[in-house]
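# Architecture and fold: a report
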Amino acid sequence: MNRIVFITGATSGFGRACAWRFAEAGWSLVLTGRREERLTELQAQLKDKVPVHTAVLDVRDSQAVKQVVGALPEAFRDVTCLVNNAGLALAPQPAQAVDLDDWQTMIDTNVSGLVNVTHALLPTLIGQGAGASIINLGSVAADTPYPGNHVYGATKAFVRQFSYNLRCDLLGTGVRVTDIAPGLAETEFTLVRTGGDRATHDKLYGSTTPLTAEDIAEQIFHVATLPAHVNINRLEVMPVRQAWGGFAIDRD
Ligand SMILES: NC(=O)C1=CN([C@@H]2O[C@H](COP(=O)(O)OP(=O)(O)OC[C@H]3O[C@@H](n4cnc5c(N)ncnc54)[C@H](OP(=O)(O)O)[C@@H]3O)[C@@H](O)[C@H]2O)C=CC1
Ligand SMILES: O=CCS(=O)(=O)O
């Protein structure tokens, strides 16, 4: 079995940590994201360890996704693991105060983008057969309603159900599918969500012990390297210092 991982959103957070974790184990890397300078920097850091191919890619652009997958150099063509990680939350305000564009961007990225990349790589992954895997980044936000979660949580509920449904269709191909659902994890996620509000970022992750990007990369790597007959359908991971709250009640 080849060991080639295709990572979306490799320029930050979980995606970048995955690049390092898979490189540590000798996997060849296909690293994608929109920020070219970050891809170049990562490639420079990792290329002495393992073969690295980078491609600037906005997952929302289905034609660009097809082009990048179709133009993979020979040595990177037989992808065995897809980490569908690119994603974002925007607009943490109440639904009624949010711009429609922000909802659309979350849907285009977290839903359409993930579908675009999956569709483009499915023939390759099926060609690899037993041991191949698709690892989708869902979220606890898929299951836990909270204020300001509106479309973000709904996109992650899509990721969960799409992952389960793919399992059904891929039965017999050997290709595994996992929805990984992290809770509070310190990355650039909250800076993106708040439009760069450092104080909110610091408050959210301060005075507690959030997950790190490396914690999640370790789980992704574990799922990808299980024996070929084992499929983890869903893996929900929270920091010990996070749990659920209660119901909110409007009173007179
Ligand atoms: N941090 C958290 O608490 C949690 C995060 N998640 C999910 O994990 C995934 C990774 O998030 P995380 O690492 O935390 O956040 P980061 O903001 O640190 O990283 C997000 C990555 O997604 C990429 N990305 C965003 N939009 C696009 C796009 N249109 N095309 C291609 N790449 C894109 C960014 O790259 P670039 O801008 O260069 O394109 C970046 O590399 C997301 O799907 C997120 O929803 C799930 C649960 C918890
Ligand atoms: O997906 C991110 C985790 S949370 O912000 O919704 O808790």
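Rules behind the numbers
- Residues numbered from 1 in each chain as written.
- Chains lettered and ligands numbered in written order.
- Predicted model: local features only at pLDDT ≥ 70, side-chain atom pairs only at ≥ 80, totals over all residues.
- Heavy atoms only, no water.
- Helix = DSSP H or I, 4+ residues; strand = E, 2+ residues; numbered from the N terminus.
- Rg over C-alpha atoms; globule rule 2.2 N^0.38 Å.
- Buried < 20%, exposed > 50% of the residue type's maximum accessible area, 1.4 Å probe, protein only.
- Contact = heavy atoms within 4.5 Å.
- Axes fitted to C-alpha atoms, helices over the stretch in contact; angles between N-to-C directions.
- Parallel < 35°, antiparallel > 145°, perpendicular 65-115°, else oblique.
- Left-handed = near helix turned anticlockwise from the far one by under 90°.
- Nonpolar A, V, L, I, M, F, W, Y, C, P; charged D, E, K, R; others polar.
- UniProt positions renumbered as here; feature names shortened; annotations may be inferred.

### Describing the overall build of the protein chain
Each helix and strand in the protein chain was counted, giving 8 helices and 9 strands. Taking 18 Å as the expected radius of gyration for a compact globule of 252 residues, we find that the protein chain reaches 18 Å, a close match to that expectation. In terms of overall dimensions, the protein chain has C-alpha extents of about 65 × 40 × 35 Å along its principal axes. By residue count, 48% of the 252 residues in the protein chain fall in the buried class. Within the protein chain, counting contacts between residues at least 6 apart in sequence, those at least 24 apart form 70% of the total.

### Section: the packing of helix α4 (residues 100-128) against helix α5 (residues 150-170)
At a closest axis distance of 9 Å, the pairing of α4 and α5 adopts a crossing angle of 15 degrees. Classified by the angle their axes make, α4 and α5 are roughly parallel. The element α4 and its partner α5 pack so that their crossing is right-handed. Here α4 contributes W103, M106, I107, N110, V111, L114, V115, T118, L122 and I126 to the contact with α5, which in turn contributes H150, V151, Y152, T155, K156, F158, V159, F162, L166 and L170. Split by residue class, the contact of α4 with α5 holds 15 nonpolar, 4 polar and 1 charged.

### Topic: unusual backbone geometry
Even without glycine at this site, A91 takes up a positive phi of about 55 degrees. With respect to the element layout, A91 can be found in the loop between β4 (81-84) and α4. Taking relative accessible area as the criterion, A91 reaches 7% and is therefore assigned buried.

### Here we look at the UniProt feature "domain: Ketoreductase" (unreviewed entry) in the protein chain
The UniProt entry lists residues 3-183 under the feature "domain: Ketoreductase" (unreviewed entry), expressed in the numbering used here. Between the first and last C-alpha atoms of residues 3-183 the distance is 28 Å; the span itself is 45% helix and 17% strand.

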